[in-house]
Amino acid sequence: MSNEPIRITRGQGGEVDVEGPVDDFAASVLKHASFDTYPQLRGVWIRLPFDLGRAWENEHATWAAEMLTAARYSVDLDPNLRVRPRPPRPRHRRRTARKPP
């Protein structure tokens, strides 16, 4: 793995792109998070599909960053893409039958 981070950013056209040192395993993680890979003359273009809504794109970009981080990759996620974690569901206390007074 490289010391350079994998960068997940939103481009000027609104697309969510991945740049940086992406090896085969990182590419498979990104594919699992719905990123598409397009070969180019100088490498590979990795991005999320267009026009699925910013909320969907943000969720998948955050998910990809979390999975890559869990796999010990250095990831730089654009702060505008980060989805705030959902608060944990409150646990309900188990009610016990009370004795009548």
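Just above sits the structure.
Attention in this report is confined to the structure presented alongside it. From a predicted model like this one, the values you see are computed outputs, not experimental measurements.

## Re the sheet that holds strand β2 (residues 16-19)
Spatially, β3-β4-β2-β1-β5 is the arrangement adopted by the five strands of the open sheet, whose pairing is mixed. If you trace the sheet from one side to the other, it starts and ends with β3 (36-40) and β5 (75-77), each paired once. For this sheet, the mean angle separating the axes of adjacent strands, direction not counted, is 25 degrees. With two bridges connecting them, β2 and strand β4 (residues 43-47) associate as antiparallel partners. Along β4, the bridge assignment pairs V18 with I46. Across the sheet, helix α2 (residues 54-70) lies against β1 (6-10), β2 and β5, angled at about 170 degrees from β1, the strand it touches most.

Rules used in this analysis
- Residues numbered from 1 in each chain as written.
- Predicted model: local features only at pLDDT ≥ 70, side-chain atom pairs only at ≥ 80, totals over all residues.
- Heavy atoms only, no water.
- Pairing = 2+ DSSP bridges.
- Helix = DSSP H or I, 4+ residues; strand = E, 2+ residues; numbered from the N terminus.
- Axes fitted to C-alpha atoms, helices over the stretch in contact; angles between N-to-C directions.
- Contact = heavy atoms within 4.5 Å.

That is the geometry; function is a separate question.
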